[in-house]
Amino acid sequence: MKEKKTKRRVWRGAATTGTSLLALTMSASMIIDTFRTDIDKFLGTQSTKMITENQTEDDYTYKSDYGSTTELLDAIEDLGERMNEEGTVLLKNSNHALPLSEDETQKVTFLGFSSYYPVQGGDFGSSLAENRGTDADTVDMVQAFEAKGYTLNPTVMDMYQNMKEEFKSEAVLPWGVTTYYRATAPSIDGTFTSLEPTQAALDAAEPTWKDSMNDYNILIVTIARAAGENANYTPGEAGVNPEQHLNQADPLGLSDTERATIEAAVQAKEKNGGKVIVLLNNASAMEIDEIKHNTGVDALLEIGLPGGYGFYGVADVLSGEANPSGHLSDTYAVDNSASPAAQNYGNYAWVNADPAYSINSEIVEAESIYTGYKYYETRYADTVLGQGNAADDAGSSAGGAWRYDNEVSYPFGFGLSYTTFDQRLDSLKVDLEEKTVTAEVTVTNTGDVAGKDVVQLYTSVPYTDYDREHLVEKSAVQLLAYEKTEELAPGESVTVTVTADAQDMASWDSTAANEADTKGNYILDAGEYYFTVGNGSHEAVNNVLAAQGCSEADGMTEAGDKSNVKTWNLAKMDTTTFAHTKNGTAVENQLQDMDLNEHIPGTVTYLTRNDWSGTFPVTYKELTATDEMLAEMQNDTYEIKEQGDSEAVTFGADNGLVLADLKGTVDIEDEKWAELMDQITLEECMIRTGFGGTSTKPIESISSPEAVQNDGPNGINSYTLGQYANKDTSSADPYVTDANDKNLNYKFGTMCNETVIAQTFSKELAAEFGNVVGNYSIWSNLPIFWGAGTNLHRTPYNARNHEYYSEDAVLTAYQAASYIAAGKEYGVLIAPKHFAFNDTEINRSGIATFMTEQKARENELRGTQAAVEDAETLAMMTTFNRIGCTAGNAHYGLLMNILRGEWGFKGLMSEDFIQDANYSVLKEAVHCGVTMTCNTGDSTMEAVSTKWDYWTTENVSKDAELMKDLKNVMTWQNYALANSNAMDGLNQTSHIEDVRTWYDNALTGTAAAFSVLTLAALAMYFKGMKKNKQGGM
Amino acid sequence: MGFIKKQSAGFYFMVLTVIAALAGMVFYMINCNTDYFRNLGMNTIIIVLLTAAIVLEIVYIVGYTKMGVNPVMDMIPLVNGVLLMVAFALFASARVNSVATILSFERNAQTMADLSSAIVGMVCCLTAVILNIAGSFFKVVKDEE
């Protein structure tokens, strides 16, 4: 009897288990559509399929340069190596310590744990994808140097490798905690911890390590700082782990253990007669003045984050196989925290913060245009010229009078070579009709070895009384254009023609009248314009100062070369040449609301070169937003209302077109676009704008395909090469892959970081990256790539600087434009991001960013403008942060008037990964030309209306203006797709069919199994009960 | 025989189920009122499901204590399995995107603190499911048979 009753409980338990698991599978089946997009991406499945009949090879518009995945990967690997050959910057080379002789390469000691555990990509964002078993396996520093024939000190290598656990650090990523054996960047609230072991720890680990260096006396010390999205370096000691006590004044400065490692190398060299070479493995400019002045250090190089193949290039540079030709893309300051921008870099919460609306903190960029070299060189020029109280102590890192030598270790644009070059500025022509500045520069290799050189064309524009009165700021020198030579043999000369966009020397004047009869215009002041070339911004400004009659007696750090300066005189202020943009749009103020003084008058004093000490920024913190600001920051700025003639907006027409009919139609005014978009339904527009995360989804009414999005920028790294590659050998696709191809497991997060690409100063190499990305896109069927970080390095403290090129707008703009334009030839949509002013990772969902419109337009926006106007990019990612008080996706002036209006952007535009329904501002975003948010969900109105309760057909269908906005953004999105390789393989017969994935079938099967289990258990339970009853229970 | 001495393992499992479900519900409500998650609103279905499960669980415990073996009572763990599991699934599905967002893009002390109540709440709900299943295999009172 007892046994039977035990069985009853067993069957009861089994039935409970069955119903619970059945409920789980049924719930999963019901909610799976909400996550279908993400599940498909994760599993590599597809829930819809494009069916195309009579497909031919002609349906594939874009052609790859490569005949196999092996060729493709070889090209990536080769480019990765060359990027670091040309992007490594030689900063110091005492007594020609480099290049190493062949004999010297056979006795190398790597010192510093980062030599064995280097930073090759971001902690999160542009992380290195380690590849094994492919035709382009990635390598670390040791592997690369050994592959290049170097012989490394085995004793020291074993010592560091046996200490591996000492170098462990953790990063929290979306998929959990990841353990890295290398330096990592601090979290937003975290501090930097130096993992460099003490000398005592090294001695304990291997007592003979110092002696071993006698036989391996080429001592290479690697010092690293990591980088990462959602990471941050806090300026000064506050950013350093307080428990370490390593005499570290700044997270980007050296710790005592790092100093001791360098010193150990120097002492060893004194004993063994070798050489000490220091490598900087970083993306944020470090404070390395003490290394510069350390006479025991023979050579110093900036190698960036080299990715999977860049260390091959570094090895080639050290051995002389490659002659370094990189130049710094950032200023290397003595004390980063002393810069005017750093005074307002941190977490400054509003006094009346309201997390319900993502109202968290503010950042006031009170430094005006003076970031990076524009600050250091302008202030230096003013100290020499004796103007603007420049020599006062405000901002002096050493205390006392401000002196350039105390502030800058290595200037922007600086870089050495194993040879020497002479550059002569032969001619200079300013053509305001053509809006160009053209320089002819003769470059001569005056040394003994072949090498490449970079022509950097700088301008110094007049700073006038008008500017002082109207608060128009002018940098004493600014990069206007650049070109890199081909390799020049010793004694060889070449004349390089450098053509600049003359608008890049125009200044934004928010008070000037304009052609729109409002305020705000680009101006060229009357006066003398100076043009020069130089190895970096400092040499350039010295040339200009020399041309202005200054000398070392006036305080110049060294004499300039006035013979290398050309001038151009503008008799009268020009307010017309740039009053219209390239597409004919009249410019006017659009970003006045980014000036905090517009909201709270008299709050901010912006830095002006008219009075450096009197206007040097203070920290703007503990601010209280006004009621009007709070209202703006509640993000409800567009009211859906009954307006316009909703009947006049056509949806759901039957015009018999599919998107493939407009494949390659570049004229967006072609009437077929309107006909096609009349077919789309209102519901499709509303769902697709709401749920655009990770891929654009198919749109049935116009047969628009799903186009998968990918992150970067160090290569298309969201998916493996094979996840979406075509493996259907019966297809007409010329790029079908073999399902057994080992390269299908390859993941292209292997390129060096963007700082290295910038340091090449080579538009050609940037374009080559666009070429390989384009080819990869064709083979992998991954057409959308958030791959060009065009935010500027406002300060080195933004740990995400590795995904952005430079502190300079022009270098950023033309590296990005070259790259995007090249990729476009292969149909890949490479998007600049994050538009705009994503200058910090701190509180980026909600941070209110304030600055002058002049700063906005001449710095960060100029860094993106060429990607739109010149490269005609068809994709863009917006930003997390606010533009002033307005959510980044709700700023009409920035997104519609500047981006789409002035610049003529016609492509798709996605939000960044904003999941909060309030802050993702869907209705405002659509009104502002954003084509999709980054949310995912079930493709139903119910789902999208649940997320945004105002997003119902009942509401939207009464607002004709919003319906037009919806059709506009869907037109732009599909225009971009039609002009991309997302359309490859499609023709007029293409249509969408739903597919049941294996996981759909598995869920159904599992539900059936659990149903059977439950029913069987219940049956047994009741059978047992019946028996018990009959048995006289 | 004292009340406690009469109880068997099933009783303790079910009491723990009630506690876990109650904790899950409390943490869900706390989480819905955190700064980060407030905009997502509160799903009343989750509250209703958890409340119903708690009430039924108490009915089950009391019923068995009072009535002994009863097929109606035996159906309660089955029903509770459904209620608790659906509540957990809805809770988790409403938070998974935010968890990913916070950990990857918006990680700071405030968001992590807000996230913690969601994690605890989901763990409690899942624990309640497991405890309910486990308890259904055991006697509630020792003299049940």
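Just so it is clear, the structure is predicted and the values come from calculations on it, not from any experiment.

Undergrad: Even after reading the chapter, I still don't get the overall build of chain B, so can you show me in this structure?
TA: Each helix and strand in chain B was counted, giving 5 helices and 0 strands. Secondary structure elements of chain B occur, N-terminal to C-terminal, as α-α-α-α-α. Each principal axis of the C-alpha distribution contributes one length, and for chain B these read about 55 × 25 × 20 Å. Counting the 145 residues in chain B, one finds 48% classified as buried.

Undergrad: I tried to follow the overall build of chain A on my own but got confused; where do I start?
TA: Per the secondary structure count, chain A includes 30 helices and 31 strands. Computed over its C-alpha atoms, the radius of gyration of chain A comes to 31 Å, within 12% of the 31 Å expected for a compact globule of 1033 residues. A principal-axis box enclosing the C-alpha atoms of chain A has dimensions of 115 × 80 × 60 Å. Looking at chain A as a whole, 60% of its 1033 residues are labelled buried. The contacts of chain A with a sequence gap of at least 6 include a subset with a gap of at least 24, amounting to 80%.

Undergrad: Mind showing me how you'd approach the interface of chain B and chain A here?
TA: As a measure of interface size, the accessible area lost when the parts come together is often cited. Each partner contributes residues to the interface: chain B has 34 residues there, and chain A has 35 residues. Elements that contribute at least two residues to the side of chain B that touches chain A include exactly helix H4 (71-104) and helix H5 (109-135) of chain B. Top contributing element to the side of chain B that touches chain A by residue count: H4 of chain B, with 16 residues. By residue class, the composition of the side of chain B that touches chain A is 16 nonpolar, 11 polar and 7 charged.

Undergrad: Sorry if this is basic, but what is going on with the packing of helix H20 (residues 682-690) of chain A against helix H29 (residues 960-978) of chain A here?
TA: Relative orientation and spacing of two packed helices are given, respectively, by the angle between their axes and the distance between those axes. Residues and elements named next belong to chain A. Contact pair H20 / H29: the axes reach a minimum separation of 10 Å and the direction vectors enclose 65 degrees. In terms of axis orientation, H20 runs roughly perpendicular to H29. Where H20 crosses over H29, the two elements pack in a sense that is left-handed. Taken together, the residues of H29 that come into contact with H20 (itself represented by Leu682, Cys685, Met686, Arg688 and Thr689) are Met963, Leu966, Lys967, Val969 and Met970.

Undergrad: For this particular structure, what's the right way to read the sheet that holds strand E21 (residues 565-570) of chain A?
TA: Residues and elements named next belong to chain A. The 4 strands are arranged E16-E15-E20-E21 in an open sheet whose pairing can be described as antiparallel. Two strands bound the open sheet, and with one partner strand each, they are strand E16 (478-484) and E21. On average, each strand axis in the sheet is inclined to that of its neighbour by 20 degrees, with strand direction left out of account. In this structure, strand E15 (residues 454-460) lies alongside E16, joined through 6 bridges in antiparallel fashion. Paired with leucine 457 across the strands is alanine 481, a residue of E16.

Undergrad: Quick question: what am I supposed to make of the domain arrangement of chain A here?
TA: The domain boundaries assigned to chain A delineate domain 1 (86-338) and domain 2 (625-983). Listed as interface residues are 45 residues of domain 1 of chain A and, on the opposing side, 39 residues of domain 2 of chain A.

Undergrad: I tried to follow the pairing of strand E2 (residues 89-93) of chain A on my own but got confused; where do I start?
TA: A regular strand carries its side chains on alternate faces of the sheet. Residues and elements named next belong to chain A. Counting buried positions over the 5 residues of E2 gives 4, a clear majority of the element. Strand direction decides the pairing type here: E2 and strand E8 (residues 299-302), joined by 4 bridges, are antiparallel. Residue pairing in the sheet places lysine 92 in a bridge with leucine 300 of E8.

Undergrad: Just checking my understanding: could you explain the sheet that holds strand E6 (residues 218-224) of chain A for this structure?
TA: The strands making up a sheet associate through backbone hydrogen bonding, with each pair oriented either parallel or antiparallel. Residue and element names in this part refer to chain A. Strand order across the open sheet formed by 5 strands is E2-E8-E7-E6-E3, with mixed pairing between neighbours. Edge strands, defined here as strands with exactly one partner in the open sheet, are E2 and strand E3 (108-111). Adjacent strand axes in the sheet meet at a mean angle of 20 degrees when their direction is disregarded.

Undergrad: What should I look at first to understand the nonpolar core in this one?
TA: Soluble globular proteins: nonpolar side chains tend toward being buried together. Residue and element names in this part refer to chain A. Within the largest apolar cluster, 289 residues are counted, with the highest numbers of intra-cluster contacts made by Leu219, Val278, Leu457 and Ile830. With 11 residues, the single largest contributor to this core is helix H23 (residues 809-824). The two domains that each donate at least three residues to this core are domain 1 (86-338) and domain 2 (625-983). In this view, valine 278 contacts Val221, Ile223, Ile262, Ile291, Val297 and Leu300; residues no more than four positions away in its chain are not counted.

Undergrad: How should the confidence of the model for chain B be read in this particular structure?
TA: Interpretation of the predicted coordinates at a detailed level should be avoided for regions scoring low in pLDDT. Residues and elements named next belong to chain B. Overall, the predicted model of chain B reaches an average pLDDT of 87, with 94% of residues at or above 70. When mean pLDDT is taken per element in chain B, helix H2 (residues 9-32) scores highest with 94 and helix H1 (residues 3-6) scores lowest with 75. In the predicted assembly, ipTM is 0.91 and pTM is 0.91.

Undergrad: Could you clarify how one ought to interpret the environment of tryptophan 11 of chain A in this entry?
TA: Residues and elements named next belong to chain A. Its place among the elements puts tryptophan 11 in helix H1 (residues 2-31). Between the C-alpha atom of tryptophan 11 and that of threonine 261, which follows or precedes it by 250 residues, the distance is 69 Å. Setting aside chain neighbours within four positions, we find tryptophan 11 in contact with Ala1017, Met1020, Tyr1021 and Gly1024.

Undergrad: Just to check I follow, could you spell out helix H3 (residues 44-67) of chain B for this structure?
TA: Since the α-helix packs 3.6 residues into each turn, any two residues three or four apart lie on the same face. Residues and elements named next belong to chain B. For H3, built from 24 residues, the straight-helix expectation of 34 Å at 1.5 Å per residue is met to within 8% by its first-to-last C-alpha distance of 33 Å. Within the sequence span of H3, burial applies to Ile46, Leu49, Leu50, Ala53, Ile54, Leu56, Glu57, Tyr60, Ile61 and Tyr64. Phi turns positive one or two residues past the end of H3, at glycine 68, with a value near 75 degrees.

Undergrad: What is the right way to look at the environment of valine 278 of chain A in this model?
TA: Within the secondary structure, valine 278 of chain A is located in strand E7 (residues 275-281). Spatially, the C-alpha atoms of valine 278 of chain A and isoleucine 291 of chain A are 8.3 Å apart, while their sequence positions differ by 13 residues.

Undergrad: Help me understand unusual backbone geometry in this model?
TA: It is generally the case that most residues other than glycine have a negative phi and that most peptide bonds are trans. All names here are of chain A. Backbone torsion omega between glycine 712 and proline 713 reads -5 degrees, so that peptide bond is classified as cis. Residue position: proline 713 is located in the loop between strand E23 (707-711) and helix H21 (754-759). A cis amide bond links phenylalanine 835 to the next residue, alanine 836, at an omega of 0 degrees. Note on placement: alanine 836 falls in the loop between strand E25 (829-833) and strand E26 (848-850). The backbone of histidine 96 shows a phi angle near 50 degrees, a positive value even though the residue is not glycine. Overall, histidine 96 belongs to the exposed group, with 9 C-beta atoms counted inside 10 Å. Positive phi outside glycine occurs at serine 703, with the angle close to 50 degrees. Mapped onto the elements, serine 703 comes out in the loop between strand E22 (695-696) and E23.

Undergrad: Looking at this structure, how should I read the environment of threonine 134 of chain A?
TA: Residue and element names in this part refer to chain A. Take threonine 134: it is sitting in the loop between helix H4 (113-116) and helix H5 (141-147). For threonine 134, a count of 20 C-beta atoms within 10 Å translates into the label buried. Taking the C-alpha atoms as reference, threonine 134 lies 30 Å from methionine 163; in sequence the two are 29 residues apart. Not counting chain neighbours up to four residues away, the residues in contact with threonine 134 comprise Leu73, Lys742, Asn743, Asn745 and Tyr746.

Undergrad: Could you clarify how one ought to interpret the packing of helix H12 (residues 373-385) of chain A against helix H15 (residues 537-547) of chain A in this entry?
TA: Residue and element names in this part refer to chain A. Where H12 contacts H15, the axes come no closer than 10 Å and their chain directions differ by 30 degrees. One way to sum up the angle between H12 and H15 is to call them roughly parallel. Helix-helix and strand crossings are classified by hand; for H12 and H15 the assignment is right-handed. Together, Tyr373, Glu377, Tyr380, Ala381 and Val384 of H12 and Ser537, His538, Val541 and Leu545 of H15 make up the contact between the two elements. For the contact of H12 with H15, the per-class residue count stands at 6 nonpolar, 2 polar and 1 charged.

Undergrad: How should helix H6 (residues 154-162) of chain A be read in this particular structure?
TA: Residue and element names in this part refer to chain A. Looking only at H6, the buried set comprises Val156, Met159 and Tyr160. Buried positions in H6, seen along its axis, are confined to an arc of 90 degrees and lie on one side of it. In H6, those exposed residues whose orientation departs by more than 90 degrees from the buried face are Pro154 and Asn162. Packed against the buried residues of H6 are E3, H4, helix H7 (199-205) and helix H8 (209-212).

Definitions and limits used
Residues numbered from 1 in each chain as written. Chains lettered and ligands numbered in written order. Predicted model: local features only at pLDDT ≥ 70, side-chain atom pairs only at ≥ 80, totals over all residues. Helix = DSSP H or I, 4+ residues; strand = E, 2+ residues; numbered from the N terminus. Buried ≥ 20, exposed ≤ 12 C-beta atoms within 10 Å, placed from the backbone. Rg over C-alpha atoms; globule rule 2.2 N^0.38 Å. Contact = placed C-beta atoms within 7 Å. Nonpolar A, V, L, I, M, F, W, Y, C, P; charged D, E, K, R; others polar. Axes fitted to C-alpha atoms, helices over the stretch in contact; angles between N-to-C directions. Parallel < 35°, antiparallel > 145°, perpendicular 65-115°, else oblique. Left-handed = near helix turned anticlockwise from the far one by under 90°. Pairing = 2+ DSSP bridges. Domains from an automatic or database assignment. Core = buried A, V, L, I, M, F, W, Y, C linked by C-beta atoms within 7 Å. pLDDT = per-residue confidence, 0-100. Expected span 1.5 Å × (residues − 1). Arc of directions from axis to C-beta.

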